[in-house]
Amino acid sequence: MNNNRTKEKIKIPKRDDSMKSKKHYFFIINIVCTSLLLSGCWSYRELTDIAFVIAIGIDEGEKQPYKLSFQLINPKNVAGEPQKSGIIGPATVIYQSEGDNLFTANRATTQQVSRRLYYAHTSLVVISEKLARKGIRDVLDILTRSPEFRPTADIVIAKDSSAEDLLNVLTPLDQINADKIQKTLKYSEQLYGKTTKTNINDIVSELISNGNLPIISGFKIEGDRKKAKSSENILNQKPLSTIHADSIALFKNEKLVTWAEGAAARGINWILGNTSQPAVNIDWADKKGAISIQILRSNSQIKTEVKNNKPIITINLKAEGNVAEVNTYLDLSREEEFIKLQSELEKVIKNEINEAIKLGKKYKTDVFSFGDHIRISHPKYWKKVQDHWNDDILPTAEIKINVDASLRLTGLKTKSDVYQ
């Protein structure tokens, strides 16, 4: 056996310097391109150079068409830092300016405020009733154009007062007046059902839609208006003046035409499905409001049809609730009493919806979005009537209401023994 093997030379490739240079070249380009994409802090602002706008109030001006009230955070007082006198001042400060339009009024504040106004935290817009009755389209234009402004900011109407006066009320529980208004708006809609929470986006989308009209909650100042903005209002155990969620403003096109209050206000929310857990009072045995029902959930559906060139609108509403309070004799162990109570609950809800529809027909304003349902379900018919829907079709439209209410719990007892 031949042990001599042919030895082959292993060739080692030479190092390619050109390849190495190419890798370095691409690496450098990658770093340069990445650095160009990094913005860094070129647009930073010092906290001491900006003023946080929490709320904006819009009124008619005395010398110019518009007057703006800017509610700004006062950082020292929000932190609870007492002044030399030992008294903690208001958590906010209000500056005002006027202008031919909202943009110039905004710029005019630079003559008063030592910082640049910053709108990213603006969560509330207040419009005076007087201005709302003239139209809100121009008012909303600048708010939706500004890249800093939040379109999710809530909007309310200052009823029977100016927006300035509403923002000036000092509130004891909430340091910031705007927070008090927003919280009241939220819980009032959920638990009372006679107001509604609306933001800028909602209003703008409804104004540009032919089938919808906007609704906005109104807030009213109650008590001593002169002392509402003084420290005396928050130092008293019983506030001298309070802010009250009052009613719902109904609009036709862009102008406020009337207010929905009480049953009519809640009727609107029943139709729109805005109610969450309101309390419904029922008369029983000739006693007014003898029984209180807490609604747990409700759901509304709107169906439309067109017959003989006329619309027929059907509202189907389902509601479930519990018996919360009884101030009269009631025996729910008896099936007939239980069924009767459910029937009475249905009547109350149906009456509230009827009140809302009567108000909408009277002022020829479709705040219920009936037109939008017609537009979706019957587009050909909608094209024929959209231009005169509110004025001619809605007031005479046939509207059917079906309410199905059921009770789930009666509390710890089925009989009100104390009234036996």
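The structure displayed is predicted, hence computed values, not measured ones.

K.L.:
Quick question: what am I supposed to make of the overall build of the protein here?
P.N.:
On a plain count of helices and strands, the protein comes out with 14 helices and 13 strands. Restricting the contact set of the protein to residue pairs at least 6 apart, pairs at least 24 apart contribute 71%. When the accessible surface of the protein is split by element, carbon and sulfur atoms take 50% of a total near 24,400 Å².

K.L.:
I tried to follow unusual backbone geometry on my own but got confused; where do I start?
P.N.:
For residues that are not glycine, phi is negative in most cases, and the peptide bond is trans in most cases. Phi at N308 takes a positive value of approximately 55 degrees, unusual for a residue other than glycine. Structurally, the position occupied by N308 is in the loop between strand 11 (287-307) and strand 12 (310-326). Taking the relative accessible area as the measure of exposure, N308 reaches 75% and is therefore exposed. Of note in this structure, N309 is not a glycine but carries a positive phi near 65 degrees. Looking at N309, the relative accessible area reads 53%, which means it is exposed.

K.L.:
Would you explain the nonpolar core in this entry?
P.N.:
For soluble globular proteins, the rule of thumb is that nonpolar side chains tend to be buried together. Ranked by size, the top nonpolar core spans 48 residues in total, and within it I291, I293, L341, L345, I353, F370 and W389 carry the most contacts. When residues no more than four places from it in sequence are discounted, the contact partners of I291 are V280, N281, I282, W284, V323, E325, V326, T328, L330 and L341. Listed in part, the 33 residues of the second largest apolar core include V125, I127, F149 and W259.

K.L.:
Looking at this structure, I do not really get the environment of L332. What am I missing?
P.N.:
Along the polypeptide, L332 turns up in the loop between strand 12 and helix 11 (335-362). The class for L332 is buried, based on a relative accessible area of 9%. In sequence terms L332 and T410 are 78 residues apart; their C-alpha atoms lie 7.6 Å from each other.

K.L.:
Would you mind going over the environment of S114 with me for this structure?
P.N.:
Along the chain, S114 turns up in the loop between helix 3 (102-108) and strand 4 (116-118). The exposure class assigned to S114 is exposed, which follows from its relative accessible area of 73%.

K.L.:
In this structure, what is going on with the packing of aromatic side chains? I would like to understand it.
P.N.:
The relative placement of two aromatic rings is captured by the distance of their centres and the angle of their planes. Under the definition given, this model contains four aromatic pairs. Residues F52 and Y118 carry aromatic rings whose centres are separated by 5.6 Å and whose planes lie at 85 degrees to one another, so their mutual orientation is edge-to-face. Of the two residues, F52 sits in strand 1 (residues 50-60) while Y118 sits in strand 4, which places them 66 residues apart along the sequence. Residue Y118 is classed as partly exposed on the basis of its relative accessible area of 23%. Ring geometry for W382 versus W389: centroids 5.7 Å apart, planes at 65 degrees, classification edge-to-face. Taking relative accessible area as the criterion, W389 reaches 1% and is therefore assigned buried.

K.L.:
Can you walk me through the packing of helix 5 (residues 137-145) against helix 8 (residues 200-207) in this structure?
P.N.:
Two measures define how a pair of helices packs: the angle their axes make with one another and the distance between the axes. Contact geometry for helix 5 and helix 8: axes closest at 11 Å, N-to-C directions at 125 degrees. If you check the angle between helix 5 and helix 8, you find them oblique. As helix 5 runs across helix 8, the sense of the crossing is left-handed. Two secondary-structure elements touch here, helix 5 through R137, L140, L143 and T144 and helix 8 through I200, I203, V204 and L207. A class-by-class count of the residues in the contact of helix 5 with helix 8 yields six nonpolar, one polar and one charged.

K.L.:
Just checking my understanding: could you explain the sheet that holds strand 11 for this structure?
P.N.:
Each strand in a sheet pairs with another by means of backbone hydrogen bonds, the pair being arranged parallel or else antiparallel. Reading across from one edge, 10-11-12-13 is the order of the four strands in this open sheet, with mixed pairing throughout. Each edge of the open sheet is held by one strand with a lone partner, namely strand 10 (279-284) and strand 13 (398-409). Adjacent strand axes in the sheet meet at a mean angle of 35 degrees when their direction is disregarded. Of the pairings in the sheet, the one linking strand 12 to strand 13 comprises 11 bridges and is parallel in character. Counterpart to L317 in the pairing with strand 13 is V403.

K.L.:
Can you help me understand helix 7 (residues 177-191) in this one?
P.N.:
One turn of the α-helix equals 3.6 residues, which is why residues spaced by three or four share an orientation. The first and last C-alpha atoms of helix 7 sit 21 Å apart over 15 residues, in line with the 21 Å expected at 1.5 Å per residue. Along helix 7, the positions that sit buried rather than exposed are N177, A178, K180, I181, Q182, L185, S188 and E189. Among the residues trailing helix 7, G193 stands out with phi positive, at a value near 80 degrees.

K.L.:
What should I look at first to understand the pairing of strand 7 (residues 215-223) in this one?
P.N.:
Every other side chain in a regular strand lies on the same face of the sheet, so the side chains alternate between the two faces. Here strand 6 (residues 154-158) pairs with strand 7 via two bridges, running parallel. Bridge pairing links A158 to F219 in strand 7. Where strand 7 and strand 8 (residues 241-252) come together, nine bridges link them in antiparallel fashion. Counted as the bridge partner of E222 is T242 from strand 8.

K.L.:
Would you mind going over the pairing of strand 5 (residues 124-128) with me for this structure?
P.N.:
Burial analysis of strand 5 places five of its five residues in the buried class, which makes it a mostly covered element. The alternating pattern of strand 5 places L124, V126 and S128 on one face and V125 and I127 on the opposite face, and all of these are buried. Sheet analysis places strand 1 next to strand 5, joined by four bridges and oriented parallel. Paired with G57 across the two strands is V126, which belongs to strand 5. In terms of strand pairing, strand 5 meets strand 6 through five bridges, oriented parallel. Its bridge partner lying in strand 6, V125 is registered against I155.

K.L.:
Would you explain the packing of helix 10 (residues 262-272) against helix 11 in this entry?
P.N.:
Between helix 10 and helix 11, the least distance of the axes is 7 Å, while the angle of their chain directions is 100 degrees. Put simply, helix 10 runs roughly perpendicular to helix 11. Between helix 10 and helix 11, the contacting residues are A263, A264, R266, G267, I268, W270 and I271 on the first element and I349, E352, I353, E355, A356, I357 and L359 on the second.

What counts as what
Residues numbered from 1 in each chain as written. Predicted model: local features only at pLDDT ≥ 70, side-chain atom pairs only at ≥ 80, totals over all residues. Heavy atoms only, no water. Helix = DSSP H or I, 4+ residues; strand = E, 2+ residues; numbered from the N terminus. Contact = heavy atoms within 4.5 Å. Areas by Shrake-Rupley, 256 points an atom, 1.4 Å probe, with all protein chains shown as cover. Buried < 20%, exposed > 50% of the residue type's maximum accessible area, 1.4 Å probe, protein only. Core = buried A, V, L, I, M, F, W, Y, C linked by side-chain atoms within 4.5 Å. Phe/Tyr/Trp six-rings, centres within 6.5 Å; stacked < 30°, edge-to-face > 60°. Axes fitted to C-alpha atoms, helices over the stretch in contact; angles between N-to-C directions. Parallel < 35°, antiparallel > 145°, perpendicular 65-115°, else oblique. Left-handed = near helix turned anticlockwise from the far one by under 90°. Nonpolar A, V, L, I, M, F, W, Y, C, P; charged D, E, K, R; others polar. Pairing = 2+ DSSP bridges. Expected span 1.5 Å × (residues − 1).

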